[in-house]
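# Observations on the three-dimensional arrangement
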Amino acid sequence: NSTKLARSVQGTSVYISYKITASGSNLTVSGILTWKDINGTSHALKQAKIEVVDEDVMFDDIVGTTYTSSNGTFSVTFPNQTDSSENGGCDIFVRAYPASTNIAVKTTANGNYSLYTPTIQDVTESTETMYQVLKPCNTANAFQIHQAGIVGAQYVESLSGTAPELLNFRYPYSDSGSSNYNNFYVSIKASHYYSWDAILHEYGHYIQDVYNIENNPGGTHIIDDNIIDTLVSEGASLEKAKDKGCRLAWAEGWATYFSLSAQLHQNVASLGVPGAGDATYHDMAEDWARDCESYTGHGEGNE
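Here the structure is a predicted model, which means the values were calculated and not measured.

The next point concerns the pattern of salt bridges. This structure, assessed with the given rule, holds six salt bridges. Across the pair Lys-49 and Glu-51 runs a salt bridge, and its minimum N-O distance is 3.7 Å. Residue Glu-51 pairs with Arg-95 through a salt bridge whose shortest N-O separation is 2.8 Å. Of this pair, Glu-51 sits in strand 4 (residues 49–54) while Arg-95 sits in strand 7 (residues 90–97), and the two are 44 residues apart along the sequence. With relative accessibility at 7%, the residue Glu-51 sits in the buried group. For Arg-95, a relative accessible area of 12% gives the class buried. Linked through salt bridges whose partners overlap, the residues forming this network are Lys-49, Glu-51 and Arg-95.

Here you go:
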């Protein structure tokens, strides 16, 4: 519908502001990353990988790496290079990635998304704050997917005491298919970049795999269907339909439970991200929702 189309066109925006401070023989690059959702609300961009780079003719030098804080801030201090090859000082730019120690968002070809700032040449003294804006595009959307994904990783760590290993998300997967986890990475379809419930549902499948708490046969599933009945109508015996239907319903239902539970536990509602942080499962791309506290199920084969 028109609302869905407008949201898909608007996309995510990412903003970086930073300054360079000179002190003795050192430089400090400090700044903040923020992002705007489909309603135009600004949020801190958390746990994003930051590289401060000295641009050179042959090979660029990464002079410092860090991750943004819970407030989106970052700071890197390093020695200024003032030898003859630098013509008086470092040539500095900042590069940000939708990646952290647990979650990284890649292109469908497994390439890196990143935001670059312009290079400031021959830095020898403190500079004013610099701004760079990443307008709506796949790269900006990748940053929002990352922000949703880290909620799941933080939730698991809070319960188990151990952070999950790095998982790659790949985006944008074709809208003719579905977002999915394939035992190696999560594919997020193009229009799901702002559907936190769906993103964390797929991350839930990864967590099921990590802890071996499902025996998912895979297959077609629709949220309001009893999968057992569907399989019987397609010609399967009741015995086989019940076995496959219950396993598939468990795997999908648990992933949805994980998605909502993670957001409630991590207080995502306080962020004000559309469709996120409550007990209702929203597929923002398909424009439907189910209140999971009041939902009336359709049997043991209903996810």
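After presenting the structure, the write-up continues.
What follows deals with the packing of aromatic side chains. This structure, assessed with the given rule, holds ten aromatic pairs. Ring centres 5.9 Å apart and planes at 70° place the aromatic pair Tyr-181 and Tyr-206 in the edge-to-face group. Taken together, the positions of Tyr-181 in strand 13 (residues 180–181) and Tyr-206 in helix 3 (residues 196–211) put the pair 25 residues apart, joining distant regions of the chain. Here Tyr-181 matches Tyr-206 in class, with each residue buried. Ring plane angle 35° and centroid distance 5.9 Å describe the contact between Tyr-281 and Trp-288, whose orientation is recorded as tilted.

Where helix 2 (residues 138–160) meets helix 3, the axes come as close as 9 Å, and the angle between the chain directions of the two elements is 40°. Taken together, the axes of helix 2 and helix 3 are oblique relative to one another. Both helix 2 and helix 3 take part in a crossing whose hand is right-handed. Packed against helix 2, whose contacting residues are Gln-144, Ile-145, Gln-147, Ala-148, Gly-149, Val-151, Gly-152, Ala-153, Val-156 and Ser-160, the element helix 3 presents Trp-196, Ile-199, Leu-200, Tyr-203, Ile-207 and Tyr-211 at the interface. A class-by-class count of the residues in the contact of helix 2 with helix 3 yields eleven nonpolar, five polar and no charged.

On to a nonpolar patch on the surface, then. Among the surface-exposed residues, Val-57, Met-58 and Phe-59 lie close enough to one another that they form a single nonpolar patch of about 450 Å² accessible area. For Met-58, a relative accessible area of 67% translates into the label exposed.

In terms of residue burial, strand 7 counts as a mostly covered element, since eight of its eight residues are buried. One ladder, built from two bridges, connects strand 7 with strand 9 (residues 115–116); its direction is antiparallel. Bridge pairing in strand 9 places Arg-95 opposite Tyr-116.

It is worth spelling out the sheet that holds strand 13 at this point. In spatial order, the strands read 8-12-14-13; together these four strands make up an open sheet with mixed pairing. Only two strands of the sheet have a single neighbouring strand rather than two, namely strand 8 (103–106) and strand 13. The strands that helix 2 touches are strand 8, strand 12 (167–173) and strand 14 (186–189); relative to strand 8, the one it contacts most, it runs at about 155°.

Counting 59 residues, the largest nonpolar core has Val-29, Phe-78, Phe-169 and Tyr-203 as the members making the most contacts within it. A per-element tally of this core places helix 2 first, with ten residues. Apart from residues no more than four positions distant in its own chain, Phe-169 is found in contact with Ile-103, Ala-104, Val-105, Lys-106, Ile-145, Gly-149, Val-186, Ile-188, Ile-199 and Tyr-203. In this structure, Ile-227, Ile-228, Leu-231 and Leu-248 belong to the second largest nonpolar core, which totals six residues.

The rules behind these values
- Residues numbered from 1 in each chain as written.
- Predicted model: local features only at pLDDT ≥ 70, side-chain atom pairs only at ≥ 80, totals over all residues.
- Heavy atoms only, no water.
- Salt bridge = Lys/Arg side-chain N within 4 Å of Asp/Glu carboxyl O.
- Helix = DSSP H or I, 4+ residues; strand = E, 2+ residues; numbered from the N terminus.
- Buried < 20%, exposed > 50% of the residue type's maximum accessible area, 1.4 Å probe, protein only.
- Phe/Tyr/Trp six-rings, centres within 6.5 Å; stacked < 30°, edge-to-face > 60°.
- Axes fitted to C-alpha atoms, helices over the stretch in contact; angles between N-to-C directions.
- Parallel < 35°, antiparallel > 145°, perpendicular 65-115°, else oblique.
- Left-handed = near helix turned anticlockwise from the far one by under 90°.
- Contact = heavy atoms within 4.5 Å.
- Nonpolar A, V, L, I, M, F, W, Y, C, P; charged D, E, K, R; others polar.
- Patch = residues over 30% accessible without salt bridge, like charges linked within 9 Å, V, L, I, M, F, W, Y side chains within 5 Å.
- Areas by Shrake-Rupley, 256 points an atom, 1.4 Å probe, with all protein chains shown as cover.
- Pairing = 2+ DSSP bridges.
- Core = buried A, V, L, I, M, F, W, Y, C linked by side-chain atoms within 4.5 Å.

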